[in-house]
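A look at the structure
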Amino acid sequence: MKAILSLISLLLSATSYALPAPLPEAPVLAAKSYVLYDYSSNQILLNQNGNTRLEPASLTKLMTAYLAFAAIKQGTLALDQSLTAPTEATTNNSGESRMLLKTGQTVTVDELLHGLIVQSGNDAAITLATSISGNEANFVALMNKEAQRIGMKNTHFTNPVGMPDAQHYSSAYDMAMLSAALLRDFPEHYPIFSLRDYTFNNVTQANRNRLLWLDPYADGFKTGHTESAGYCLVGSAKRDKRRLISVLFGADSDSQRASESQKLLNFGFQNFDAVRLYQNSQPVTQVRVWKGTDRQVALGFRHDLFLTIPKGQFAQLKASIETRQPLLAPITSGQQLGVLKLTLAGKPYAEFPLIALDSVTLANVFSRGWDSIRLLIQKYSPW
């Protein structure tokens, strides 16, 4: 069965989808690669070399933070828990960013998270890593395992801080996925990323993310820099209920990574609209069910569904639904029963699964037999 709808929503899946032409003219930025991601609709709005493997520098610490948040959620770590800074965390390498821990110093997990995120402290990252996994090697294995689970296909870590290594790399796209996972899985910890400074050991250090000063709507995420990586920045801003995430690798200076990231965010907010098309569990259509206790089942989505499209192109959005037929009971709630196909201005846009909003159990023997006869007649009927 294929029903043609004038307009319909789509299910937010784990995969993000790039927008097709026609698109607003995108800015050309002074960076090696960059991605603009709409968190609300799970769509990539702009991708320039976004899958290229590059050195992430201290953007690595986003994964270190993710695993620390996960440990807190799992109960193996607590914000008020005191840890001891190990010698390997306090070894001072020239030019290294630090929260200024001293060997053997007692520090809380909450302080370490602030030192990690706001001050980009390598000492904070290593202290957390060794406390969570026993040593850095075990923690790195955990980082790579989690990267695979999130779907970071062009990422491999060799350390928890972002020191240069030939086998330590990521991509702008992967960092967008990691940032989205941080927001989705640990929203209670996200406010730390918006802090402009943090004081520890009587020393106040400013957050290196200049977007927090340039854009009143910016509230994250993280900077990174090494000589070989250049200047990197994962930024995020929320205007009204809409959030965008910008990722930029390889700018030439601190000020440039901020200004170019600002251009990315402005491009997204000024040239695209995000529209909620369906609410959570709102039925989209009904599909005939055979051999079940119910004759129909509603198809829909398990999330509020937002769609981001170029401004002024909403009327050009068309959709069709394809379902397997005949559809036989039993059916489980959440089971995929169809596919939604969207086009914009006549060009393919995206495909998303439609799921059953309810379960349908098997009917009794008599009803199932009667439906079998009807299906057989329908199969061989000339009309």
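This section reports on the structure supplied with the text. In this text, all values refer to a predicted model and were calculated from it rather than measured experimentally. (Residues numbered from 1 in each chain as written. Predicted model: local features only at pLDDT ≥ 70, side-chain atom pairs only at ≥ 80, totals over all residues. Heavy atoms only, no water.)

1. Digging into unusual backbone geometry
A cis amide bond, omega 0°, links Gly220 with the succeeding residue Phe221. Position of Phe221 among the secondary structure elements: in strand E9 (residues 218-226). Following Ala329, the chain continues to Pro330 via a peptide bond in cis, the omega torsion being 5°. Even without being glycine, Ser120 reaches a positive phi, approximately 55°. With respect to the helices and strands, Ser120 occurs in the loop between helix H3 (109-117) and helix H4 (122-133). We classify Ser120 as buried; its relative accessible area is 4%. Of note, Asn202 is a non-glycine position whose phi angle comes to about 65°, a positive value. Mapped onto the elements, Asn202 comes out in the loop between strand E7 (197-200) and strand E8 (203-206). (Helix = DSSP H or I, 4+ residues; strand = E, 2+ residues; numbered from the N terminus. Buried < 20%, exposed > 50% of the residue type's maximum accessible area, 1.4 Å probe, protein only.)

2. Concerning the packing of aromatic side chains
Enumeration over the complete set of coordinates arrives at seven aromatic pairs. Ring plane angle 55° and centroid distance 5.7 Å describe the contact between Phe69 and Phe186, whose orientation is recorded as tilted. Taken together, the residues span a long stretch of sequence, with Phe69 in helix H1 (residues 61-74) and Phe186 in the loop between helix H6 (172-185) and E7 at a distance of 117 residues. We classify Phe186 as buried; its relative accessible area is 4%. Taken together, Tyr66, Phe69 and Phe186 form an aromatic cluster joined through their ring pairs. When the ring centre of Trp290 is taken as reference, the NZ or CZ atom of Arg288 above it lies at 4.0 Å. (Phe/Tyr/Trp six-rings, centres within 6.5 Å; stacked < 30°, edge-to-face > 60°. Lys NZ or Arg CZ within 6 Å of the ring centre and 35° of its normal.)

3. Here we look at the packing of H1 against H3
Contact pair H1 / H3: the axes reach a minimum separation of 10 Å and the direction vectors enclose 160°. As judged from the angle between their axes, H1 and H3 are roughly antiparallel. Crossing hand, H1 versus H3: left-handed. On H3, the residues touching Lys61, Thr64, Ala65, Ala68, Phe69 and Ile72 of H1 are Val109, Leu113, Leu116 and Ile117. A per-class count over the contact of H1 with H3 returns eight nonpolar, one polar and one charged. (Axes fitted to C-alpha atoms, helices over the stretch in contact; angles between N-to-C directions. Parallel < 35°, antiparallel > 145°, perpendicular 65-115°, else oblique. Left-handed = near helix turned anticlockwise from the far one by under 90°. Contact = heavy atoms within 4.5 Å. Nonpolar A, V, L, I, M, F, W, Y, C, P; charged D, E, K, R; others polar.)

4. Here we look at the packing of H4 against helix H5 (residues 136-150)
One way to put it is that H4 packs onto H5 with a least axis distance of 8 Å and a crossing angle of 90°. By the angle between their axes, H4 is roughly perpendicular relative to H5. On H5, the residues that touch Ile126, Ala129, Thr130, Ile132 and Ser133 of H4 are Glu136, Asn138, Phe139 and Leu142. Taken together, the residues of the contact of H4 with H5 break down into five nonpolar, three polar and one charged.

Geometric values such as these leave the question of function open.
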